[in-house]
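Per-entry structural report
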Amino acid sequence: MKHILILTTGGTISSITSKEGLIPQNADTLLKETLHDSSTELTVKSIFVLDSSNIQPEEWKIIAKQIFDALPLYDGIILTHGTDTMAYTASMISFMVQHPNIPIVFTGSQLPIEHPLTDAIDNLRCAFAMAKSDIPGVFIAFNRKIMFGCRCVKARTSSFDAFESINFKTLGRISATGLSIKREMIHTTSLKPKLVLDINTEVFLLKLTPTTSPKVIPLLIENGIQGLVIEAYGAGGISFIRRDFIKEIQAAIQKGIPVVVCSQCLYERANFNIYEVGTKVLASGAIEALDMTTEATVTKLMYALGQTSDLKKIKEIFLTPISYEINPENYNN
Ligand code: ASP
């Protein structure tokens, strides 16, 4: 008999309607009833009851610890979570709980489980099937798709198809033939599960607009940031006339602040080697995020900075794949 753990954290899936809008509550009994299956033992545990907009690094550490401690005791773990920041938490957990030996499956819903038209039941069942699959890793199960946790982005506010797997194939789907998984996408490892609680949360994400002043960078440094991610334009471009970001990026790096550059485009890799507005950025010493999502980029920089403050080592850690978040084929072109 398989033993599956469901950890609950709140979100729409467990919310009720109130005068102030949807408020999460404890819906553990309902969740358990939805997944009732005589061939599986289910344990449900509430970690906290929060809208995911309130989930922050303090909660990530609790989630990571709960998951890590449960790894030897269960065949699979489902984590219910609000959808709004699920991609951030799933990315961060991919770096905080490395080489898991069982499936860790995030899910949630766009409508509360109590709503007659809810998508929660479908999503929970999809997560349940994946949690029983013996395939190790951190995943998101949503709208009958299984995706790698650190490849996901919440792309739609209200459609049931809320999440997309960015620059990476969807790992699995549920259809009339059941759950089909592209097992060839899974890398096996003999490495033991590892818990990483040291993360540096002083990482700032700066999305450029044509009016953004580069003066914001020294201000951010004065205010204590220790890592900077810049969402640049297109394949990779940052202004150097009038609003000269290159000078400020160089100054930040000289002060020991790693600067990572990614693209505002959701799909396809960033490549700062194509245009002059990109090559100047690389020459300044910034690190390219290649094909990573912004969510994975920000959380991976927090992870890397938690391990070392040596800029060379940060770059090395940042560009080494940990949990499918970066595609090694994109390294050398
Ligand atoms: N605001 C909710 C949350 O992220 C949205 C949801 O769960 O779909 O907790």
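In this report, the structure presented in the accompanying data block is examined.

Rules behind the numbers
Residues numbered from 1 in each chain as written. Predicted model: local features only at pLDDT ≥ 70, side-chain atom pairs only at ≥ 80, totals over all residues. Heavy atoms only, no water. Helix = DSSP H or I, 4+ residues; strand = E, 2+ residues; numbered from the N terminus. Rg over C-alpha atoms; globule rule 2.2 N^0.38 Å. Buried < 20%, exposed > 50% of the residue type's maximum accessible area, 1.4 Å probe, protein only. Contact = heavy atoms within 4.5 Å. Areas by Shrake-Rupley, 256 points an atom, 1.4 Å probe, with all protein chains shown as cover. Axes fitted to C-alpha atoms, helices over the stretch in contact; angles between N-to-C directions. Parallel < 35°, antiparallel > 145°, perpendicular 65-115°, else oblique. Left-handed = near helix turned anticlockwise from the far one by under 90°. Nonpolar A, V, L, I, M, F, W, Y, C, P; charged D, E, K, R; others polar. Pairing = 2+ DSSP bridges. Near = heavy atom within 4 Å. Polar contact = N/O pair within 3.5 Å; in protein donor to acceptor, adjacent residues only side chain to side chain.

Helix and strand content of the protein: nine helices and 18 strands. Here the protein has a C-alpha radius of gyration of 20 Å; the compact-globule value for 333 residues is 20 Å, and the two agree. In terms of overall dimensions, the protein has a C-alpha envelope of 65 × 50 × 35 Å along the principal axes. With 333 residues in all, the protein has 53% of them scored as buried. Partitioning the intrachain contacts of the protein with sequence separation of at least 6 by distance along the chain shows that 71% fall at a separation of at least 24. For the protein, the accessible area works out to roughly 15000 Å², and carbon and sulfur atoms hold 51% of it.

Turning our eyes to something else, we now look at the packing of helix α2 (residues 57-70) against helix α3 (residues 86-96). Orientation of α2 relative to α3, taken along the N-to-C sense of each, is 55°, at an axis distance of 10 Å. Here α2 lies oblique to α3, going by the angle between them. Taken as a pair, α2 and α3 cross one another with a handedness that is right-handed. When α2 is examined against α3, the residues Trp 60, Lys 61, Ile 63, Ala 64 and Ile 67 are found in contact with a partner set consisting of Tyr 88, Thr 89, Met 92, Ile 93 and Met 96. Its residues assigned to classes, the contact of α2 with α3 comprises eight nonpolar, one polar and one charged.

Within a beta sheet, neighbouring strands are joined by backbone hydrogen bonds and run either parallel or antiparallel to one another. Within the open sheet, the eight strands sit side by side as β4-β1-β5-β7-β8-β9-β12-β13. Their pairing is mixed. Edge positions in the open sheet fall to β4 (40-50) and β13 (178-181), since each of these has one partner strand only. Each adjacent strand pair in this sheet contributes to an overall mean axis angle of 20°, direction not counted. Bridge count between strand β12 (residues 172-175) and β13: four bridges; the pairing is antiparallel. By the bridge assignment for β13, Ile 174 is matched with Leu 179. Each of β7 (103-107) and β8 (137-142) is contacted by α3, which is oriented at about 160° to β8, the strand it contacts most. Contacts between helix α4 (residues 120-131) and the sheet are confined to β1 (2-10), β4, β5 (76-80), β7, β8, β9 (145-148), β12 and β13, with β7 contributing the most and set at about 175° to the helix.

Contacts to the ligand come from Gly 11, Thr 12, Asp 51, Ser 52, Gly 82, Thr 83, Asp 84, Ser 109 and Gln 110. Within the contact set of the ligand, an oxygen atom lies 2.9 Å away from a backbone nitrogen or oxygen of Thr 12. In this structure, a nitrogen atom belonging to the ligand sits 2.8 Å away from a side-chain N or O atom of Asp 84. When the free accessible area of the ligand is taken as 270 Å², the share hidden by the protein chains comes to 90%.

With respect to topology, four strands assemble into an open sheet ordered β15-β16-β17-β18, the strand pairing being parallel. With one partner strand each, in any of the chains shown, β15 (203-207) and β18 (287-288) form the two edges of the open sheet. For strand β17 (residues 259-263) and β18, the ladder comprises two bridges, and the chain directions are parallel. Residue pairing across strands places Val 261 opposite Glu 288, the latter belonging to β18. Against the sheet, helix α8 (residues 294-307) engages β15, β16 (227-232) and β17, with an angle of about 160° to β16.

In short, the description is geometric, and any link to function would need to be established separately.
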